[in-house]
Each structure stands twice: as structure tokens, then as C-alpha cells.
Amino acid sequence: MTIIETETIGDAWLETARRILRDGADAVYDGEPTRELALVAIHVGAPDPDDATIARLADPEWLDWMRRNFHHVTQARGPVQEIPTADAHVELDRYVRDSRGRPVVRMSGTTHIETVRTARYIKHKAEEWLLAAGAKQIWGREPTLGLSGHQHQAGTARMSATAETGVTDKFGRVWGHDNLFVADGSLHVTNGGFNPVLTIMALGLRAGDHIARSV
Ligand SMILES: Cc1cc2nc3c(=O)[nH]c(=O)nc-3n(C[C@H](O)[C@H](O)[C@H](O)COP(=O)(O)OP(=O)(O)OC[C@H]3O[C@@H](n4cnc5c(N)ncnc54)[C@H](O)[C@@H]3O)c2cc1C
């Protein structure tokens, strides 16, 4: 792991891109030479709101637009609980290897059409709210069947009120077993609108208390 220490965000990203290009290992994907990304952590000493590197590299017209409109732009967004599909996989890549020679992980397949439908509904609602609030121009990405490889995966061993509808009871005990407990993000029935770690920790503590009381 490389740690990059810089004073500004713009310098950090620029240096990160340079390091990836310079230190990334050669790899081959489907017969094509590629660069494997090096692991980099960024430490910005004193983030500068009027970052000189960004100012130097960004399109002056866009920068000018951002300066003029900064106080008039907002966003409306919402989380979509993705529905699992049988053909969406995380698998080991047949060709690309990491620096220790191990196959890297990759995702294949598509998301569920219902996930796209929900995302479209949220996009439509967001547009309605923005228009009602007086928005003059709206931008947005059209939801697609593409998989998202994001950081809040959850729900692979959902808790439930009955054995028929989920994997564990409300304390994370796997239905049909006395002494097998799950205590991680897989218990979540949905992920809610906020980051999940505190909920994961709270459920872990609850399961721990329950185990301690019941032994
Ligand atoms: C880049 C990033 C940023 C994030 N930012 C936030 C944030 O700001 N706020 C927030 O609330 N959440 C954030 N999250 C999400 C949060 O980190 C995860 O939801 C949470 O850590 C999941 O907890 P977990 O216990 O379910 O799984 P993990 O934390 O992944 O724990 C699983 C553990 O099991 C171990 N393990 C796996 N397989 C085996 C095995 N076979 N044998 C033994 N051990 C094994 C792993 O090594 C790991 O330690 C972020 C995630 C990422 C990736």
C-alpha cells in the first residue's frame, strides 16, 4: 500500500493517477495488455476549497459555470434496494492476476429489471420534487441493468419473523439451529437511507447479549 501525502485534493488525485500509471503492474485481459491498479491511500494535509490544481486542469468554461451557479445547484437522490438475480455473480477473473499472482474478482450478469423500475420511479419522483421547488434545469442518469459494485452490500442472510421468510430470527440465530448465529450486514432486511455500520454493530451487540443471556 502506498500512502500519498499532499496539501490539496487536486494534487492528491493527480498524484494518484500518476502512481497508478507508473506503479501499476502489467496484466493481460482478454489478450489485451492492461494495467492493474496499485493500492493507494490518500492523505490530504490541508484541503483547499479553491484548489489550484483543479483550477489549472479543469475546463475554464465549466469552472466559471460552477462558480456562478454553485449556490443554485442541489441534488435529490435515494437508495434502491437491489433485488438479487441468479445470473449476477462475483467470480474470479480467468485472465487478470494481482501482484501476488492471484486471480482478481470481477462481476458478471445484470441487475434485476425490478431494480431498474424502482430506480426509474425514484428518479421520476426526484424530478417532480425539484420542479415543484422551482428548478429550471435538471440533469440525471437513466437507470440501467448494469451491476453496481458498491460498498453497502447487505441482505444475504436476512432476519425474519418466521423460518419461511428469512434465514435468521431477530437475534441473528439461524432458523433450525440452536447455536449458529449471524452478526453482520447480511442480516439487514433493507439498508435504509444511511450508512450501515452502526446498525451492524448494534445488531452484533444485541446478538451478543442474547447469546450471553441464553447460555
Ligand atoms: C470503501 C468503503 C467505504 C465505506 N464507508 C462507510 C461509512 O462511511 N459508513 C458506514 O457505515 N459504512 C461504510 N462502508 C460499509 C461498511 O464498511 C460495511 O457495510 C461493513 O463493514 C460490513 O460489515 P460486515 O461485518 O458485514 O462485513 P466486513 O466488515 O466485510 O467483515 C467481514 C469479515 O469477515 C472476514 N472473513 C471473510 N471471509 C472469511 C473466512 N472465510 N474466514 C474468516 N474470516 C473471514 C473478513 O476478513 C472481514 O474481516 C464502507 C465500505 C467500503 C468498502
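Caption draft 1: Summary view of the overall build of the protein. When its secondary structure is counted, the protein shows five helices and six strands. Counting every position in the protein, which comprises 215 residues, the buried fraction comes to 8%. For the protein, restricting intrachain contacts to residue pairs at least 6 apart in sequence, the fraction spanning at least 24 positions comes to 55%.

Caption draft 2: Main features of helix 4 (residues 113-132). Under the 1.5 Å per step criterion, the end-to-end length of helix 4 is 29 Å for 20 residues, consistent within 8% with the ideal 28 Å. Immediately downstream of helix 4, the backbone of Gly-134 shows phi near 100 degrees, a positive value.

Caption draft 3: Molecular detail of the site of the ligand. The full set of residues close to the ligand is Gln-151, His-152, Asp-184, Gly-185, Asn-195, Pro-196, Val-197 and Ile-200. In terms of residue class, the shell around the ligand is built from three nonpolar, four polar and one charged.

Caption draft 4: Molecular detail of the pairing of strand 5 (residues 89-97). For strand 5, the tally of buried residues reaches only zero of nine residues, placing the bulk of the element at the surface. Turn length for the strand 5-strand 6 (residues 103-108) hairpin, with the two strands adjacent in sequence and antiparallel, is five residues, and the turn residue Gly-101 shows positive phi of about 85 degrees.

Caption draft 5: The arrangement of the pairing of strand 6 in detail. Across five bridges, strand 5 lies against strand 6 in antiparallel orientation. In the strand pairing of strand 6, Val-90 is matched with Met-107.

Caption draft 6: The confidence of the model for the protein, seen in detail. When pLDDT is averaged along the protein, the result is 82; 83% of the residues meet or exceed 70. Confidence, read as mean pLDDT per element, is least for strand 3 (residues 32-35) in the protein (59) and greatest for helix 4 (94).

Caption draft 7: Spatial organisation of the environment of Pro-103. Looking at the secondary structure, you find Pro-103 in strand 6. Look at Pro-103 and you get partly exposed, because 13 C-beta atoms sit within 10 Å. Between the alpha carbons of Pro-103 and Asp-93 there is a distance of 5.6 Å; along the sequence they are 10 residues apart. Residues within four places of Pro-103 in sequence aside, it is in contact with Leu-92, Asp-93 and Arg-97.

Caption draft 8: Quick peek at the nonpolar core. Counting five residues, the largest nonpolar core consists of Met-159, Val-182, Leu-187, Leu-203 and Ala-207. Excluding anything up to four places from it in sequence, Ala-207 contacts Phe-171, Gly-172, Phe-181 and Ala-183.

What counts, and where the lines are drawn
Residues numbered from 1 in each chain as written. Predicted model: local features only at pLDDT ≥ 70, side-chain atom pairs only at ≥ 80, totals over all residues. Helix = DSSP H or I, 4+ residues; strand = E, 2+ residues; numbered from the N terminus. Buried ≥ 20, exposed ≤ 12 C-beta atoms within 10 Å, placed from the backbone. Contact = placed C-beta atoms within 7 Å. Expected span 1.5 Å × (residues − 1). Near = placed C-beta within 6 Å. Nonpolar A, V, L, I, M, F, W, Y, C, P; charged D, E, K, R; others polar. Pairing = 2+ DSSP bridges. pLDDT = per-residue confidence, 0-100. Core = buried A, V, L, I, M, F, W, Y, C linked by C-beta atoms within 7 Å.

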